[in-house]
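Coordinates in review
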Amino acid sequence: MAVPVAFFALFFAYPVTAIVGRGLKAEGDWQFGRIGEVLSRPDILDVLWFTTWQALASTALTLLIALPGAYVFARFDFPGKQVLRAVVTVPFVLPTVVVGTAFLALLGRGGLLDELWGVRLDTTVWAILLAHVFFNYAVVVRTVGGLWSQLDPRQEEAARVLGAGRFAAFRRVTLPALAPAVAAAALMVFLFTFTSFGVVQILGGPAYSTLEVAIYRQTAQLLDLPTAAVLTLVQFAAVGAILAVHAATVRRRERALKLVDPAQTSRRPRGAGQWALLGGVLLTALLLILLPLGVLVERSFDGPGGYGFGYYETLQSVGAGGSSTFLVPPLEAVGNSLQYALVATLIALVIGWLAAAALTRRAGRLVRGFDALLMLPLGVSAVTVGFGFLITLDKPPLDLRTSWILVPLAQALVGVPFVVRTMLPVLRAVDDRLREAAAVLGASPLRAWREVDLPLVRRAVLVAAGFAFAVSLGEFGATVFIARPDNPTLPVAVARLLGRSGELNYGQAMALSTILMLVCAVSLLLLERIRTDRSGEF
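Now for a description of the structure that goes with this document. Model, not experiment: these values are computed from the prediction. (Residues numbered from 1 in each chain as written. Predicted model: local features only at pLDDT ≥ 70, side-chain atom pairs only at ≥ 80, totals over all residues. Heavy atoms only, no water.)

Turning our eyes to something else, we now look at the overall build of the chain. Summing up its helical and strand segments, the chain has 23 helices and six strands in all. Residues counted as buried form 52% of the 538 residues belonging to the chain. Taking contacts inside the chain between residues at least 6 apart in sequence as the whole, the part at least 24 apart equals 78%. Carbon and sulfur atoms make up 63% of the accessible area of the chain, which totals about 24,000 Å². (Helix = DSSP H or I, 4+ residues; strand = E, 2+ residues; numbered from the N terminus. Buried < 20%, exposed > 50% of the residue type's maximum accessible area, 1.4 Å probe, protein only. Contact = heavy atoms within 4.5 Å. Areas by Shrake-Rupley, 256 points an atom, 1.4 Å probe, with all protein chains shown as cover.)

Take a look at the structure:
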């Protein structure tokens with residue numbers, strides 16, 4: 001645990017503690033009274049209320065729309081099922097900036113709805129809710145559908161034979177078995193929407209602000225560190241409670257259910273009702289997922305002189321059309337992002353593998369506390385981490401403000417939890433007797449790892465690397481602070497373009513978002529080819 005603990009202490013705990021300390025200290029004394037002062041402000045109460053209720057509404061709407069899809073993927077076998085599974089999962093690995101841009105192209109000024117019916121939904125809460133459903137649809141489909149496909153259907157059939165109706169059998173037999181998975185999916189969706197930043201920043205406008213957006217505005221625009229520090233503590237406490245409930249739900253699910261091979265539960269649809277359900281899910285995927293992405297791609301080719309590669313060509317030059325948004329050609333952001341993401345993936349794999357190996361030891365409270373430590377980056381504002389990097393890693397021996405490694409380090413913090421969650425089940429499944437046998441035959445620990453562990457977990461490593469790469473590629477909250485103007489990442493470049501007026505900036509944002517979407521989609525399709533049954537579900 002030494003290396004992961006040192007990594008998190010230096011690049012997570014130290015920056016976050018420093019930024020919170022600066023906000024709550026005055027002349028060397030802690031000013032805890034500021035917490036009450038900040039939380040009593042009407043504007044802050046409005047932010048807390050909106051953050052909570054939009055997360056609840058997003059969660060409920062996502063469950064309502066995605067649960068039928070979970071059932072279809074769990075119980076039906078139809079042509080193109082694997083391709084559709086990959087398609088509906090694409091939004092989850094997309095950066096939130098791309099999601100916001102896609103819905104801006106669909107719902108915003110000059111978007112598809114505006115052109116067809118003169119309707120604009122950007123800067124409304126409906127745009128935010130729909131984007132959150134788009135982003136989290138795969139969470140419910142993978143979490144609930146993965147379990148649903150392994151439930152023995154004969155239990156519900158037995159209830160039907162004993163006289164229960166279809167709905168009664170589902171409510172009394174299937175639903176109680178699915179309840180922990182539904183709760184776990186709901187908690188994950190709530191977590192992602194509670195900490196939403198890029199979607200709200202792009203689609204919400206000045207009227208709507210979550211805690212994450214408020215922390216960014218208080219820090220970057222108003223330089224009000226006391227308020228930002230209090231909001232960081234509130235978000236950390238809230239997300240910590242959510243993660244604790246989520247962990248308890250997952251433990252309950254794992255020990256309460258007996259599962260069967262998914263191949264035994266999947267069959268072709270029968271009857272008009274099942275075919276109608278399948279058609280409804282396909283239509284939902286078309287309107288909710290493919291339509292925003294398709295409009296995004298279409299807008300990237302729709303230039304002033306007609307359809308073509310005009311916007312893509314301008315990405316190769318600085319100041320095209322009078323734009324001074326970048327010091328370098330915007331297209332360089334593609335190479336920057338790929339390089340940063342590759343380095344971040346390597347760091348996340350090393351730290352995550354060591355952490356997962358330590359967690360397999362099951363050494364009581366110490367390891368459980370270590371497990372919680374690994375999840376903390378998901379519970380603390382990425383904006384706080386990024387700004388903390390700037391004010392802490394600014395003097396020897398760690399003066400990294402001008403170093404390129406700062407961005408991969410911030411991205412790796414978010415990638416490590418995904419690596420751990422992917423590799424931990426597989427590492428725990430490796431029989432210790434294999435390692436012991438290798439040791440008896442004279443193998444050193446390093447050779448035993450190379451000859452025993454590595455062949456068994458190679459696919460899990462590839463899956464973990466894919467997730468870490470996709471997450472690092474789309475990290476925005478921390479990177480927006482530390483990415484240098486002459487080395488922007490793709491999400492930062494898109495956000496900067498959208499923040500400036502002009503048709504050229506808008507078109508370039510669409511083009512860069514399309515490129516970023518394609519890179520993430522290719523990563524996901526590769527994951528679908530190499531994933532294992534145990535490591536492939538969320």
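After that view of the structure, there is still more to cover.
Scanning all chains against the criterion turns up six salt bridges. For the salt bridge of Arg120 with Asp122, the shortest nitrogen-to-oxygen distance reads 2.9 Å. By relative accessible area, Arg120 is classed as partly exposed at 41%. Connected via shared salt-bridge partners are Arg41, Asp43 and Asp224. (Salt bridge = Lys/Arg side-chain N within 4 Å of Asp/Glu carboxyl O.)

All right, on to the packing of helix α15 (residues 332–359) against helix α18 (residues 406–429) then. Between α15 and α18, the least distance of the axes is 6 Å, while the angle of their chain directions is 40°. With respect to their mutual orientation, α15 and α18 come out oblique. Handedness of the α15/α18 crossing: right-handed. (Axes fitted to C-alpha atoms, helices over the stretch in contact; angles between N-to-C directions. Parallel < 35°, antiparallel > 145°, perpendicular 65-115°, else oblique. Left-handed = near helix turned anticlockwise from the far one by under 90°.)

Taken together, the side chains of Leu283, Leu286, Leu287, Leu290 and Leu291 present a nonpolar region at the surface, about 420 Å² in accessible area. Relative to the elements of secondary structure, Leu291 occurs in helix α13 (residues 271–301). (Patch = residues over 30% accessible without salt bridge, like charges linked within 9 Å, V, L, I, M, F, W, Y side chains within 5 Å.)

Counting 168 residues, the largest nonpolar core has Phe7, Leu94, Leu203 and Phe389 as its most contacted members. Among the elements that make up this core, the one with the highest residue count is helix α7 (residues 125–148) (16 residues). Aside from chain neighbours lying at most four places away, what touches Leu94 is Val99, Phe134, Phe135, Leu293, Met517 and Cys520. (Core = buried A, V, L, I, M, F, W, Y, C linked by side-chain atoms within 4.5 Å.)

On to a positive patch on the surface, then. On the surface, Arg160, Arg166, Arg267 and Arg270 cluster together to form a positively charged patch. Note on placement: Arg270 falls in the loop between α12 (225–256) and α13. For Arg270, a relative accessible area of 57% gives the class exposed. (Lys, Arg positive; Asp, Glu negative; His and termini not counted. Charge placed at Lys NZ, Arg CZ, Asp CG, Glu CD.)

The next point concerns the packing of aromatic side chains. By the definition in use, this model includes 18 aromatic pairs. Pairing Phe7 with Phe8 gives two aromatic rings, centres 5.8 Å apart and planes at 80°, and the pair type is edge-to-face. Taking the centre distance of 6.5 Å and the plane angle of 55° together, the rings of Phe11 and Phe389 count as tilted. One end of the pair, Phe11, is in helix α1 (residues 2–24); the other, Phe389, is in helix α17 (residues 382–392), with 378 residues separating them in the sequence. Considered together, Phe11 and Phe389 belong to a single accessibility category, that of buried residues. An aromatic cluster of three or more residues is present, and its members are Phe7, Phe8, Phe11, Phe12 and Phe389. (Phe/Tyr/Trp six-rings, centres within 6.5 Å; stacked < 30°, edge-to-face > 60°.)

Here we come to the side chain of Thr219. Following the sequence through the fold, Thr219 ends up in helix α11 (residues 211–221). By relative accessible area, which is 4% here, Thr219 ends up buried. Once residues within four sequence positions are removed from consideration, Thr219 is found in contact with Leu225, Ala228, Phe387 and Phe481.

Turning to the packing of helix α4 (residues 81–93) against α7, a few remarks are in order. Helix-helix packing is characterised by the crossing angle of the two axes and by the distance between the axes. Where α4 meets α7, the axes come as close as 6 Å, and the angle between the chain directions of the two elements is 125°. The angle between α4 and α7 falls in the class oblique. Like other packed secondary-structure pairs, α4 and α7 cross with a definite hand, here left-handed. Judged by residue contacts, Arg85, Val88, Thr89, Pro91 and Phe92 of α4 engage Phe134, Phe135, Tyr137, Ala138, Val139 and Arg142 from α7. Class assignment of the residues belonging to the contact of α4 with α7 gives a composition of eight nonpolar, one polar and two charged. (Nonpolar A, V, L, I, M, F, W, Y, C, P; charged D, E, K, R; others polar.)

Looking at where Ser513 falls in the secondary structure, it is placed in helix α23 (residues 503–530). Note on Ser513: relative accessible area 0%, which makes it buried. Separated by 413 residues in sequence, Ser513 and Gly100 have C-alpha atoms that sit 9.8 Å apart. Residues contacting Ser513, with those up to four places away along its chain left out, are Val98, Thr101, Leu296 and Val494.

With that out of the way, let us pick up the environment of Thr174. Position of Thr174 among the secondary structure elements: in helix α9 (residues 166–194). Counting along the chain gives 21 residues from Thr174 to Pro153, while the straight-line C-alpha distance between them is 8.5 Å. Non-local contacts of Thr174, meaning those with residues more than four positions away in its chain, are made with Trp148, Leu151, Glu156 and Ala169.

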